Amino acid sequence: MTTTAKKSLNPLSPKERIKVPRQLMPEQNAEARAHNFEEVNLGYSAELAQQEALRCLECAKPTCTDNCPVGIDVKEFVQRIVIGDFLGAAAKIREANVLPAITGRVCPQEDQCEGKCLLSKKVKPLGIGYLERFVADYEQRMGTHIVPKVEPTGKKVAIVGSGPSGLTVAGDLIQRGHKVRVFEALNELGGVLVYGIPEFRLPKQIVREQLDYMRAMGVEFETDVVVGRTVTIDELMDEEGYDAVFIGTGAGLPQFMNIPGEHLNGVYSANEFLTRINLMKAYKFPAYDEPMLDLHGKDVAVIGGGNTALDAIRSALRLGARKAYVLYRRSEAEMPARAEEAHHARQEGIDFQMLTAPVAFLSDEKGWLTAARCVRMELGEPDASGRRRPVPKEGSEFDLPLSVAVIAIGTSANPIVQSTTPGLGTNKRGYIQASEETQRTTRKGVFAGGDIVTGSATVILAMGAGRRASKSIHEYLTTGEW
Amino acid sequence: MFKIMHAQFLAPGIKRFVIEAPRIARKQKPGQFVILRIYEEGERIPVTIENSDPQKGTINIVVQAAGKTTTLLNSLETGDSILDVVGPLGKPSEIANYGTVVVVGGGVGTAMAYPTASALKRAGNRVLSIVGARNKELVILESEMRAVSDALMITTDDGSYADKGFVTDKLRQLIQNGTRIDLVVAVGPIVMMKAVSELTRKENIRTVVSLNPIMIDGTGMCGGCRVMIDGKSEFACVDGPEFDGHKVNFEVLVQRNAMYRTAEQRSMEEFKSKREISAQASPHACQAEGVQR
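Computed from a predicted model, the values in this text were never measured in an experiment. (Residues numbered from 1 in each chain as written. Chains lettered and ligands numbered in written order. Predicted model: local features only at pLDDT ≥ 70, side-chain atom pairs only at ≥ 80, totals over all residues. Heavy atoms only, no water.)

(A) Quick look at the overall build of chain B. Scanning chain B from N- to C-terminus turns up 10 helices and 16 strands. Summarising its shape, the C-alpha atoms of chain B cover approximately 60 × 45 × 40 Å along the three principal directions. Buried positions account for 58% of the 293 residues belonging to chain B. Total accessible area on chain B is roughly 12,300 Å²; 49% of this is exposed by carbon and sulfur atoms. Across chain B, the mean location of the 36 positive side-chain charges is 3 Å away from that of the 33 negative side-chain charges. (Helix = DSSP H or I, 4+ residues; strand = E, 2+ residues; numbered from the N terminus. Buried < 20%, exposed > 50% of the residue type's maximum accessible area, 1.4 Å probe, protein only. Areas by Shrake-Rupley, 256 points an atom, 1.4 Å probe, with all protein chains shown as cover. Lys, Arg positive; Asp, Glu negative; His and termini not counted. Charge placed at Lys NZ, Arg CZ, Asp CG, Glu CD.)

(B) Highlighting the overall build of chain A. Each helix and strand in chain A was counted, giving 18 helices and 16 strands. Here chain A has a C-alpha radius of gyration of 23 Å; the compact-globule value for 482 residues is 23 Å, and the two agree. Principal-axis analysis of the C-alpha atoms places the extent of chain A at approximately 70 × 65 × 50 Å. Within the span of chain A, comprising 482 residues, buried residues form 60% of the whole. The long-range share in chain A, meaning contacts at least 24 apart out of those at least 6 apart in sequence, stands at 69%. In the structure as shown, chain A presents an accessible area of about 19,100 Å², 51% of it carried by carbon and sulfur atoms. Charged side chains of chain A number 58 positive and 61 negative; the gap between the two group centres comes to 5 Å. (Rg over C-alpha atoms; globule rule 2.2 N^0.38 Å. Contact = heavy atoms within 4.5 Å.)

(C) Layout of the state of the cysteines. Within the structure shown, the criterion is met by zero disulfides over all chains. The structure places no disulfide on A:C56, whose sulfur is separated from the nearest cysteine sulfur, that of A:C59, by 6.5 Å. (Disulfide = S-S within 2.5 Å.)

(D) Layout of the side chain of B:R256. If you trace the backbone, B:R256 turns up in helix 8 (residues 250-257). No salt bridge is formed by the buried B:R256; its nearest oppositely charged neighbour, A:E272, is found at 4.6 Å. Within polar-contact distance, the side chain of B:R256 engages the backbone oxygen of B:R226 at 3.5 Å. In this structure B:R256 touches A:H263, A:L264, A:N265, A:V267, B:I214, B:G223, B:G224 and B:R226, once residues within four positions along its chain are discounted. (Salt bridge = Lys/Arg side-chain N within 4 Å of Asp/Glu carboxyl O. Polar contact = N/O pair within 3.5 Å; in protein donor to acceptor, adjacent residues only side chain to side chain.)

(E) Local environment of the interface of chain A and chain B. At the junction of the two partners, chain A supplies 47 residues and chain B supplies 46 residues. For the pair chain A and chain B, the two sides together bury roughly 3,900 Å², of which 54% comes from carbon and sulfur. Considering only the side of chain A, the residues that lose the most area to chain B are A:R229, A:H263 and A:D289, jointly responsible for 19% of the buried surface there. The salt bridge partner of A:E222 is B:R23, with a shortest N-O separation of 2.9 Å. At the boundary of chain A with chain B, the tally comes to 19 residue pairs in polar contact (both at pLDDT 80 or more). (Buried area = accessible area lost by both parts, 1.4 Å probe.)

(F) Expanded view of the sheet that holds strand 3 (residues 220-222) of chain A. Residues and elements named next belong to chain A. In space, the five strands of this open sheet follow the order 3-2-1-4-16, with parallel pairing throughout. Because the sheet does not close on itself, it has two edges, and the strands there are strand 3 and strand 16 (446-448). Sheet twist, expressed as the mean angle between neighbouring strand axes with direction ignored, is 20°. Bridge analysis of strand 4 (residues 244-247) against strand 16 gives three bridges, and the strand direction is parallel. From the neighbouring strand, V245 faces strand 16, where its bridge partner is V446. (Pairing = 2+ DSSP bridges. Axes fitted to C-alpha atoms, helices over the stretch in contact; angles between N-to-C directions.)

(G) Spotlight on the pattern of salt bridges. Residue and element names in this part refer to chain A. With the rule as written, the count across this model stands at 48 salt bridges over all chains. Here R55 ties to E52 by a salt bridge, and the two come within 2.7 Å at their closest N and O atoms. Across the pair, E52 and R55 agree in class, each one buried. Between D383 and R330 there is a salt bridge, with its nearest N and O atoms 3.2 Å apart. One end of the pair, D383, is in the loop between strand 11 (369-382) and strand 12 (388-392); the other, R330, is in the loop between strand 8 (323-328) and helix 15 (339-348), and 53 residues separate them in sequence. Here the two residues D383 and R330 agree in accessibility, since each one is buried.

(H) The packing of helix 9 (residues 164-174) of chain A against helix 18 (residues 459-479) of chain A, seen in detail. Residue and element names in this part refer to chain A. Interhelical geometry of helix 9 versus helix 18 gives an angle of 35° and a closest axis separation of 7 Å. Pair helix 9 / helix 18 crosses with right-handed handedness. Each of P164, S165, T168, V169, D172 and L173 in helix 9 lies in contact with helix 18, whose residues at this interface are V459, A462, M463, G466, R467, A469, S470, I473 and H474. Within the contact of helix 9 with helix 18, the residues separate by chemical class into eight nonpolar, five polar and two charged. (Left-handed = near helix turned anticlockwise from the far one by under 90°. Nonpolar A, V, L, I, M, F, W, Y, C, P; charged D, E, K, R; others polar.)

(I) Expanded view of the sheet that holds strand 9 (residues 351-354) of chain A. Residue and element names in this part refer to chain A. Here we have five strands laid out as an open sheet, ordered 6-14-7-8-9, and parallel in their pairing. This sheet does not close on itself; its edge strands, each paired only once, are strand 6 (267-269) and strand 9. Ignoring strand direction, the axes of neighbouring strands in this sheet form an average angle of 20°. One ladder, built from four bridges, connects strand 7 (residues 299-303) with strand 14 (residues 404-407); its direction is parallel.

(J) Geometry of unusual backbone geometry. Going from A:F285 to A:P286, the amide bond is cis rather than trans, its omega being 5°. In this fold, A:P286 is placed in the loop between helix 13 (270-279) and strand 7. A cis amide bond links B:G240 with the next residue in sequence, B:P241, at an omega value of 10°. Within the fold, B:P241 resides in the loop between helix 7 (236-239) and strand 16 (242-244). For A:N258, which is not glycine, the phi torsion reads 55° and is therefore positive. Note on placement: A:N258 falls in the loop between strand 5 (253-254) and strand 6. With relative accessibility at 70%, the residue A:N258 sits in the exposed group.

(K) Representation of helix 8 (residues 128-142) of chain A. All names here are of chain A. With 15 residues, helix 8 extends 21 Å from end C-alpha to end C-alpha; this agrees with the ideal 21 Å at 1.5 Å per step. The buried fraction of helix 8 amounts to 11 of the 15 residues, a majority that puts the element mostly inside the structure. The positive-phi residue at the C-terminal boundary of helix 8 is G143, with phi of around 65°. (Expected span 1.5 Å × (residues − 1).)

(L) Summary view of the side chain of A:T411. As for its position among the elements, A:T411 is in strand 15 (residues 411-412). Within the structure, A:T411 has its side chain in polar contact with the side chain of A:S456 (distance 2.8 Å).

(M) Highlighting the packing of helix 5 (residues 167-176) of chain B against helix 6 (residues 190-203) of chain B. Residue and element names in this part refer to chain B. Look at helix 5 against helix 6: their axes get within 10 Å of each other, and the N-to-C directions meet at 15°. By the angle between their axes, helix 5 is roughly parallel relative to helix 6. Considering the relative orientation of helix 5 and helix 6, their crossing is right-handed. Contacts between helix 5 and helix 6 involve V167, T168, L171, R172 and I175 on the former and, on the latter, M192, A195, V196, L199, T200 and E203. (Parallel < 35°, antiparallel > 145°, perpendicular 65-115°, else oblique.)

(N) Representation of the nonpolar core within the structure. Among the nonpolar cores identified, the biggest contains 77 residues, and A:F77, A:I81, A:I102, A:L131 and A:I473 are the most heavily contacted of them. A total of seven residues in this core trace back to one element, the largest contributor, which is helix 18 of chain A. Residues contacting A:I473, with those up to four places away along its chain left out, are A:V157, A:V169, A:L173, A:A244, A:F246 and A:F447. The next biggest cluster of nonpolar side chains, apart from the first, holds 55 residues, and it includes B:I175, B:M192, B:I205 and B:I229. (Core = buried A, V, L, I, M, F, W, Y, C linked by side-chain atoms within 4.5 Å.)

Structure, rendered in structure tokens:
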């Protein structure tokens, strides 16, 4: 077992640390939460956090940091929790991550920091996400964000999109003295954090607090601007005097399956379903005007196995659905959703129908969805993604009665910015070409990152791209070299 | 916040707003629309831009009261504000010199047909316009349409003004008279656009219609506005709103627009009953009622 050369502040020996069980995250009772939009996880107390922090082995070569897309110094912040310096821990995280209260809640830790935790060879990994969330929330409660004062550089940066990548770039660059303005197409800031991820997984108050902090640092925001339509990238640079632009417009057009009946009433894209609920607060109808189909007593299915699919179906359950199914064409092992979300969903009573895919939607004479015609699948040879390809089982067709179906099988590139920015290179699938190292596009002074470059991924990967972009934007603004 | 610089009724229930929106005013082209949200709890609705003034930084929209949001919108006055206005969205109308173009505006759709008619006229087309309305009071933008048209024909359903009948009657007459028509642009109620498209399909006259399905973001993100074009799904917000009328599946459009009818009715009823309560309580609220007359 390796330990640091620096004297550890942890009173336990490595052997004793392994014996401490992983501290469970307190959560809202599954039966109760299936009917409300309150947050599922309630967060560690200081005692639980300190107890959990004791488990860190303080590896000489911390794989957790290596596996973090933004490279958080996990060992260091966890040690500060051990000694009760929670604000110090928060400050340590903030060096690498401007949105810790958010990533502490939505990161797929099992695939990243916690996935390679040395503890997991013998016992459960360190609860890094839970600890990150704890210190971020603690800092927020104390209201002691430190707003750094920096010398202005006189350079102006426009950021297109206020989602995870854009906010990361904004937070980083404002701290380096650049003037930053974020343009958002929707009426509320936060991108996927507000229109996509539901309240029960990421309370919007958390996002608003992070935005308030950024405003306090001097970041300017402008909503209701669809860059490419309301103003173009060229106009921002030539007429409004921006020295650099970062494009973080996110996942674009929802994909459909191109099967019969997708136009029926009751068939939604996950984007629409979640936008109605999260952004437009349709779950509070009629206090809010945006309508939603009444799901009380209705049978609802989501098609897909990612986080978006689970967010949609768990929202449907909270809106009163009688049966709530996940239809996924592969098996559980291939499901891309976070393990914790799948676990929570199951606790809440979501019915997982694995190796199942709809082939058509059926309707009544007025065009309302009545059922999904499904087939069962079996796994064949591995496909391009390395996962075993699902193959329909002959004669397995059956009709699943449904009132609402939500399609959550991914998105394709939104072309608005690309098609209105001459010289901006795109790849075969229409996403913006950007260097993996510097996030530079084919246009001088224009950078891009997040889902508009990679296709749908995660909040933290977008933030990682934002981090690389801010570093290289700063470099470009200081050297002028492209 | 977007300030209403001027608000004026054009007809009972149909109001024109001049809104301060400099960014949109600078970019707007005929055929494009905005999405607006009046207040924090409001829904997002798409509204076509009637006109804009880039110098003054204003856009004009024309709104007919139908549900809660449009009724509420029409109670706003000069000096009031709208919380969110975003645009210009959608592809602009394809403006070229086609030869002879018939522009058909039905009801409040006339306000949307007007900028296209105007641009087509400027592009050198012979513009023959047909404006239809339920009755005399609901005929809007007559002088504006006349100013950009080589000929203007008006029909009212009840015959209370100009010729009794439908816009399709006029269009059929033009065709029967042997008028050479290179393009028809039709903006108005779905039934009207469908009837126009059916008529011109037989004559093989290219026809463009402007669709107004349910929409949320207007940038291609939600897919709620998908329409069936030639058997395939397209998004009205980014692929449209104008489509080849001969390829549009109007039945699906009607069916999808009915998706929230129950909720919309509930919203409207609650809104009306609240307004009645406040009208009894406050002398000012009766002015809001007054706008409906």
